[in-house]
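Understanding the architecture of this molecule
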Amino acid sequence: MWLVCCGASGVVATALADTDVQIEWPASGDTNVVGHRIYYYDAQDPYPLLVDAGGANSAVISGLEEGRTYRFALTAYDRFGVESLPSPEISFWPRRCCH
């Protein structure tokens with residue numbers, strides 16, 4: 001594994017395989033937070049995709065396409081589904097390396 005990107009909010013993207021990335025973030029100190037959502041997109045498909053990580057502090061996103069730049073942002077939500085503003089975006093570039 002290697003670190004790809006780390007955001008100011010503590011959100012970290014780590015490559016797991018050529019087209020897989022693990023997004024991790026620090027636990028929320030807010031007791032109202034019950035889950036997190038990861039939004040991601042690339043310039044070729046600007047409509048964001050969504051991964052609901054529930055109460056976890058990480059999620060793996062698989063099947064990203066080599067040669068594209070993906071941007072990720074994280075939100076938190078409460079038991080009513082009210083969502084926070086997104087974190088600053090971080091980027092990930094899937095690529096093959098040295099097999």
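Structure: above.
What this report covers is the structure whose coordinates are included nearby. Each chain has its residues counted from 1, running along the sequence as written. With the structure being a predicted model, the display of local features is reserved for residues of pLDDT at least 70 and the display and counting of side-chain atom pairs for 80 or more, all residues being used for whole-chain, interface and lining totals. Hydrogen atoms and water are omitted, and side-chain values are computed over all heavy atoms in the structure.

For the rest of this paragraph, the subject is the overall build of the protein chain. Numbering of helices and strands runs from the N terminus, with a helix taken as a DSSP run of H or I at least four residues long and a strand as a DSSP run of E at least two residues long. If you tally the helices and strands in the protein chain, you get zero helices and eight strands. Listed N to C, the secondary structure of the protein chain is β-β-β-β-β-β-β-β in terms of helices and strands. The proportion of buried residues among the 99 residues of the protein chain is 37%. Taking contacts inside the protein chain between residues at least 6 apart in sequence as the whole, the part at least 24 apart equals 54%. The protein chains shown are the only cover counted for residues, whose accessible areas, like all others here, come from Shrake-Rupley with a 1.4 Å probe. Of the accessible surface of the protein chain, which amounts to about 5900 Å², a share of 54% is contributed by carbon and sulfur atoms. Per-residue accessibility, obtained with a 1.4 Å probe over protein chains only, is compared with the maximum for each type, and a residue is labelled buried under 20%, exposed over 50%, and partly exposed between these values. Whether two residues touch is decided by their heavy atoms; if any such pair falls within 4.5 Å, the residues are in contact.

One can find Val51 in strand β5 (residues 45-54). Here Val51 falls in the partly exposed class, since its relative accessible area comes to 21%. Apart from the residues lying within four places of it in its own chain, the contact partners of Val51 are His36, Arg37, Ile38, Tyr40, Ala59 and Ile61.

Moving on, we get to the pairing of strand β2 (residues 12-17). Pairs of strands are assigned from DSSP output, requiring at least two bridges between the strands. Two elements, β2 and strand β3 (residues 20-24), share five bridges in a ladder whose sense is antiparallel. In the strand pairing of β3, Val12 is matched with Glu24. Where β2 folds back on β3, the antiparallel hairpin that results is connected by two residues.

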